[in-house]
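Breakdown of the fold
Okay, here's what each chain looks like letter by letter:
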Amino acid sequence: MIERKNIDNENEMLALGQNLAAHWHAPLMVYLLGDLGAGKTTLVRGWLRGLGYQGIVKSPTYTLVESYHFAGQSIHHFDLYRLTDPEELYYIGLEEYLQPQSICLVEWPQQGKGVLPAADIIIEIAIKGSAREVMISQPSVR
Ligand code: ADP
Ligand code: MG
C-alpha cells in the first residue's frame, strides 16, 4: 500500500489524476479497479490534463482503447469492460501499446487477465456515497 485517500467530489478526483501524472512516468502499466461510476475515467481525464492535454477524453467503452500522443509520450486509455476473451487483446495489437514511452491506463484489467502485463500501480476506487475511497498500491514493491 502506498496510500489511501478520500476523494469528496469529481474535482478532487481530477486533481488526484493530475498529481499522479506528475509523479509517475513511462513506461507504465496502471490498473484501475472499481465499479461502474466509481470515477476511473474521471481519474484518467485528470491524468491527461496533468500532462497538458486540453482536448476531450472519451470513454473507450466501445473502442476498447483511445490513444493520446503528445509531448513525446503516448497515453493509452483502455476500457476492457466489453472484452469477451483476454486473447482479443492480441487482435487489437497489444504489443504496439507497450512501448518505452507509453503509459497504459486500464479500466477493467480483470478482463484481460493472463494477457495484459502485470501492473506497476494498482488504483482501486470504492464508492462511498458521493465520496470515493482510493487505494493506490505498487504490487512489485511489497
Ligand atoms: P467509471 O469510469 O469508473 O465508470 P466515471 O469516471 O465515468 O466512472 O464516472 C464517475 C461519475 O461519478 C461521474 O459522473 C462523476 O461526476 C461522479 N462522481 C461523483 N462523485 C465523485 C467523486 N467523489 N469522485 C469521482 N467521481 C464522482
Ligand atoms: Mg470508465
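Further up the page is the structure itself.
These numbers come from a predicted model, not from an experiment.

Strand order in the open sheet made by the 7 strands is S1-S7-S6-S2-S5-S4-S3, with mixed pairing throughout. Either end of the sheet is taken by a strand with one partner, and the two such strands are strand S1 (3-7) and strand S3 (65-70). With direction set aside, neighbouring strand axes in the sheet form an average angle of 15 degrees. As defined by bridge partners, strand S4 (residues 73-79) adjoins strand S5 (residues 102-107) across 6 bridges and the pair is classed as parallel. The partner of isoleucine 75 across the bridge, within S5, is isoleucine 103. Across the sheet, helix H2 (residues 40-50) touches strand S2 (28-33), S3, S4, S5 and strand S6 (121-128), and the angle it forms with S2 is around 145 degrees.

To continue, consider the coordination of the magnesium ion (ligand 2). Surrounding the magnesium ion (ligand 2) are the protein donor atoms Thr41 (OG1) and Glu107 (OE), at 2.1 to 2.2 Å. In this pair, threonine 41 sits in helix H2 while glutamate 107 sits in strand S5, placing the two residues 66 residues apart along the sequence.

Bringing the nonpolar core into the picture now. Soluble globular proteins tend to pack their nonpolar side chains together in the buried interior. Formed by 25 residues in total, the largest nonpolar core has its most connected members in Trp47 and Ile123. Counting residues per element, the ones that place at least two in this core are helix H1 (10-23), S2, H2, S3, S5, S6 and strand S7 (131-137). Those residues in contact with tryptophan 47, other than ones at most four positions away along the chain, are Gly17, Gln18, Leu20, Ala21, Trp24, Leu28, Val30, Ile103, Leu105, Ile121 and Ile123. The next biggest cluster of nonpolar side chains, apart from the first, holds 18 residues, and it includes Leu33, Leu83, Leu94 and Ile122.

Burial runs high along S7: 6 of the 7 residues are buried. Pairing of S1 with S7 involves 5 bridges; the strand directions are antiparallel. Bridge pairing links glutamate 3 to isoleucine 136 in S7. Bridge analysis of S6 against S7 gives 7 bridges, and the strand direction is antiparallel. Bridging from a neighbouring strand, lysine 128 pairs with alanine 131 of S7.

When you line up the elements, alanine 126 lands in strand S6. On the accessibility criterion, alanine 126 (23% relative accessible area) is partly exposed. Spatially, the C-alpha atom of alanine 126 lies 9.9 Å from that of glycine 37, the residues being 89 residues apart in sequence. Aside from chain neighbours lying at most four places away, what touches alanine 126 is Ala131, Arg132 and Glu133.

What counts, and at which threshold
- Numbering of residues begins from 1 in every chain and follows the order in which that chain's sequence is written.
- A letter from A marks each chain and a number from 1 marks each ligand, given out in the order of writing.
- Per-residue local features of the predicted model are confined to residues with pLDDT of at least 70, and side-chain atom pairs are confined, for both listing and counting, to 80 or more; whole-chain, interface and lining totals are unaffected and use all residues.
- Each side-chain value is derived from all of the structure's non-hydrogen atoms; neither hydrogens nor water enter the calculation.
- Strands pair, by our definition, only if DSSP identifies at least two bridges between them.
- Elements are defined by DSSP. Helices are runs of H or I of four residues or more, strands are runs of E of two residues or more, and each kind is numbered from the N terminus.
- Axes here refer to lines fitted to C-alpha atoms; in helices the fit is confined to the stretch in contact. Angles between the N-to-C directions go from 0 to 180 degrees.
- What makes two residues a contact is simply this: any of their non-hydrogen atoms within 4.5 Å.
- For Na, K and Ca the donor cutoff is 3.2 Å, while for all other metals N, O and S atoms count as donors only within 2.8 Å; water does not appear among the atoms, so some sites may look incomplete.
- Side-chain atoms within 4.5 Å are what join buried Ala, Val, Leu, Ile, Met, Phe, Trp, Tyr and Cys residues into a set we call a nonpolar core.
- Here's how the labels work: a residue is buried when its accessible area is under 20% of the maximum for its type, exposed when over 50%, partly exposed in between, all with a 1.4 Å probe on protein chains only.

Any link to function would need more than the numbers given here.
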